[in-house]
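Tertiary structure, described
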Protein chains: 2
Amino acid sequence: MNVEKPRKRRGAGRVTLNAVARAAGVSAITVSRYFNQPEQVSPERRERIAAVVAELGYVPNLVAGGLASARGKIVGMVIPNISGPIFANTIQGFSDTLSRHGYQLLLASSYFDIEQEENAVRAFLGWSPAALVLTSHFHSEGTEKMLAEADIPVIETWDYQPEREPMQIGFSHFEVGVTAARHLLKKGYQRIAFVQNSAPGDFSALERRDGYAATVREAGREPWIFAPDADRAPFEAGKQAMDALMNASPRPDAIIFANDNLAAGGLLAGQRAGIKIPADCAVLGFGDYPFAEMLLPSLSTIKPPALEIGVLAATRVLESLGVLPSDEVQRLNLLRCQVIERESI
Amino acid sequence: MNVEKPRKRRGAGRVTLNAVARAAGVSAITVSRYFNQPEQVSPERRERIAAVVAELGYVPNLVAGGLASARGKIVGMVIPNISGPIFANTIQGFSDTLSRHGYQLLLASSYFDIEQEENAVRAFLGWSPAALVLTSHFHSEGTEKMLAEADIPVIETWDYQPEREPMQIGFSHFEVGVTAARHLLKKGYQRIAFVQNSAPGDFSALERRDGYAATVREAGREPWIFAPDADRAPFEAGKQAMDALMNASPRPDAIIFANDNLAAGGLLAGQRAGIKIPADCAVLGFGDYPFAEMLLPSLSTIKPPALEIGVLAATRVLESLGVLPSDEVQRLNLLRCQVIERESI
DNA sequence: ATTCGCGATGTTAGCGCTAACAATGCGCGT
DNA sequence: ACGCGCATTGTTAGCGCTAACATCGCGAAT
């Protein structure tokens, strides 16, 4: 006499939605609605279900939900690097805004490598995310193809190329260069130099340089661009630049550095060489890294809207998904940078 | 004559594993094995399947896989904050190590708030993650309960409390305080002060203080602890501390700051007051924040193994899951901090 | 020749949830 | 009284994948 024993036993005894439904004396779909469209459930049942959920310690299985509804409450973000002072704020703003609305963040870093980006995008798509957020607009063919087929909102951040199709949130690096140069010109500086970023592949920094160049040219002066050795770390490159520029004659009376790391190096080298900043030479950075206010003299810089980009990206995602209200989701979102004047100008 | 049309149509025409199987002339499970245990599939079929996968652009649906196998290739991490200079490296190391083995990172921040942590843990558990990584050992009751029931590897990082049950990866903050004090004593400093962190809730900083206190006492001296106002930002608190200590008589000849932000403030205030560092007074920080080498004088500090914690956490997770080999996964992992000597000592 | 073991492959039955459709009951206007 | 619309609840059929078991074929061991 064989006992017909069931052959499978996988789900490890977790409390399921069905168990809750049974205990509450309603059907499964009602419990499902309680979680997803509570306004469709009568108050009495809501209370009943809430009690059972608390009692059994039910945790909704989002995986099953995601499979059934073909769209999970999860959003992927690929960022060049997590630990840099720049992107960290964007991640923070993004993550916080999302989680406030019950969405989870899947994160991966690409290190400016489009193949790593492609791998991350592929893996993310496997989780059927509600949306994807990428950095910059330069992707591999494979990535572009997958994104086109995925049929979910895709947002590109930090870079701003209005002619591209996907939703964009960023600011104009060219404009930053213009702002920097114009700001110094207005303050009466005459010989303004620009120190380029030593890291290859940072195309945004080149746009800032171009903005600077166009502006000084417009003011009837020749651009003066110093390019440090490509193999130096930013801080060292900044020192090199300052040393070289201070040996020129005539010297520049103001220097725009492509970022705050370079500027910090410049500040230090200047000080070691006995240059008075800003009396002998003004220094302006970009990024408003946390240390900018801690240097001596404290570093004037241009602050990019890092946190805002993250928050706005999340907002646009939630709008696209109908979680937040909006008549029509804006495709282009141009933010502004801010000049932070401290002592080095 | 009614045409029996199927009633559902959800999956939006995505390429499925079944489609691949059909096109390759094998069964679905063989394709599944091709992805998960390729060594179990004969080389000929592997090739065949690979070709079809590429041709159709198949992207495995990890949600379905996760549901079927009751354990997704995804790992959750809850960290106090993403943008701080401390934890960013841990996230980076963790994320990179995981993704190298095909696991994805779910990230959330708690802002040192155990209720936010609980929410994050609940949401993460809904994705049936393969493991969870938390920061510190102080959790809400609800969190503890969920973790106990979840039956997955849980790792607590940064803090190190050997008596606790879960796997731990961190270092001893007390030991950091001891190291700092001992290092300065050995260099011949006589009157060593300690500046406490102004932020309430940073219990680790208090342990460092206690390590310092125990060590100087052991050397026959009285601990000298300065506590800045609790409502000041760290940088400002550091300034306040330096000003106060420099007005004492006799002055301390060395100061340990609870972290680099405080130390940077101290350095600046010292300089403004005409104090020669390190000749008049040495300064030692903690954290090795990125700006430490950029200050003038550059800041000597104690560098915590932030990146290593992340990498090791990921390694232990992968070992627990059998992805990486290991006879027996170590439950306790004590890492060491490193004294970085620059100019301020 | 028969058995055994083992590697490669296939069949079946869900995993836990939700979309789509169905049904029910109630108040309302005619 | 009847039909209609609306709010609430239920029924059914999967979503795409993999665990568990079943099968098949072939060489080695007996």
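No experiment lies behind these values; they were computed from the predicted model shown. (Residues numbered from 1 in each chain as written. Chains lettered and ligands numbered in written order. Predicted model: local features only at pLDDT ≥ 70, side-chain atom pairs only at ≥ 80, totals over all residues. Heavy atoms only, no water.)

1. Considering the relation of the copies chain B and chain A
Test applied: Our superposition of the copies is a least-squares fit, built on the C-alpha atoms of residues whose pLDDT is at least 70 in both. By definition, residues are in contact when any of their heavy atoms lie within 4.5 Å.
Mapping chain B onto chain A leaves a residual RMSD of 0.1 Å; the transformation is a rotation of 180° accompanied by 0.0 Å of translation along its axis. Interpreted geometrically, this transformation is the action of a two-fold axis. For chain B, the smallest separation between a C-alpha atom and the rotation axis is recorded for B:L106, amounting to 2.4 Å. When the interface residues of chain B are mapped onto chain A, 100% of them again lie at the interface, so the same face is used by both copies.

2. What to know about the side chain of A:N333
All names here are of chain A. Threshold: Each helix is a run of DSSP H or I of at least 4 residues and each strand a run of E of at least 2, with the numbering of both proceeding from the N terminus. Residue exposure (1.4 Å probe, protein chains only): buried if accessible area is under 20% of the type maximum, exposed if over 50%, otherwise partly exposed.
Position of N333 relative to the elements: it lies in strand β11 (residues 332-334). Here N333 falls in the buried class, since its relative accessible area comes to 3%. Leave out the neighbours within four places in its chain, and N333 touches Y160, M167, Q168, I169, G170, L312 and R316.

3. Quick word on the domain arrangement of chain A
One widely used convention gives an interface's size as the accessible area the parts lose upon coming together. Residues and elements named next belong to chain A. Put simply, the test is: Here the bounds of each domain stem from an automatic or database domain assignment. Note: buried area is the sum, over both parts, of the accessible area (probe 1.4 Å) each one loses when the two are combined. Basic side-chain nitrogens of Lys or Arg form a salt bridge, by our definition, when they fall within 4 Å of a carboxyl oxygen of Asp or Glu. Counting of polar contacts relies on pairs of N or O atoms within 3.5 Å, with two restrictions inside protein: one atom must be capable of donating a hydrogen and the other of accepting it, and residues adjacent in sequence are counted only when both atoms are side-chain atoms.
When the domains of chain A are assigned, the result is domain 1 (17-60), domain 2 (71-171 + 307-335) and domain 3 (173-303). A C-alpha centroid distance of 31 Å is found between domain 2 and domain 3. Between domain 2 and domain 3 lies a buried interface of about 550 Å² when both sides are counted; carbon and sulfur atoms form 65% of it. Along the contact surface separating domain 2 from domain 3 lie 0 salt bridges. Where domain 2 meets domain 3, there are 0 residue pairs in polar contact (both at pLDDT 80 or more).

4. Structural notes on the nonpolar core
When a protein is soluble and globular, its nonpolar side chains tend to lie buried together. Here is the rule: Residues belong to one nonpolar core when they are buried, are Ala, Val, Leu, Ile, Met, Phe, Trp, Tyr or Cys, and are joined through side-chain atoms within 4.5 Å.
A:F94 and B:F94 are the most contacted members of the largest nonpolar core, which totals 147 residues. Aside from chain neighbours lying at most four places away, what touches A:F94 is A:V75, A:M77, A:L105, A:V133, A:G310, A:V311, A:A313, A:A314 and A:V317. Formed by 36 residues, the second largest nonpolar core is a distinct cluster that contains A:A108, B:F124, B:L147 and B:A150.

5. Some remarks on the packing of aromatic side chains
Note the threshold: By convention, a stacked pair of Phe, Tyr or Trp rings (six-membered ring in the case of Trp) has centres within 6.5 Å and planes under 30 degrees apart, an edge-to-face pair has planes over 60 apart, and any other such pair is tilted.
Counted by the stated rule, this structure contains 15 aromatic pairs over all chains. Ring geometry for A:W158 versus A:F171: centroids 5.7 Å apart, planes at 70°, classification edge-to-face. Separated by 13 residues along the polypeptide, A:W158 in strand β4 (residues 154-158) and A:F171 in the loop between β5 (167-170) and α8 (173-186) bring together distant segments of the chain. Residue classification places A:F171 among the buried residues on the basis of a relative accessible area of 1%. Their ring planes at 80° and their centres at 5.7 Å tell us that B:Y289 and B:F291 sit as a pair that is edge-to-face.

6. A closer look at the interface of chain B and chain A
The line we're drawing: The nonpolar class holds Ala, Val, Leu, Ile, Met, Phe, Trp, Tyr, Cys and Pro. Asp, Glu, Lys and Arg form the charged class, and all remaining residues, Gly among them, are polar. For two strands to count as paired, DSSP must find a minimum of two bridges between them.
Contact residues are listed per partner, giving 50 residues for chain B and 50 residues for chain A. When the two sides are added together, the surface that chain B and chain A hide from each other amounts to roughly 4500 Å², 64% of it contributed by carbon and sulfur. On the surface where chain B and chain A come into contact, there are 2 salt bridges. Between A:E343 and B:R272 there is a salt bridge whose closest N-O contact spans 2.9 Å. Class assignment of the residues belonging to the side of chain B that touches chain A gives a composition of 28 nonpolar, 14 polar and 8 charged. Direction of pairing for strand β2 (residues 104-109) of chain A relative to strand β2 (residues 104-109) of chain B: antiparallel, over a ladder of 3 bridges.

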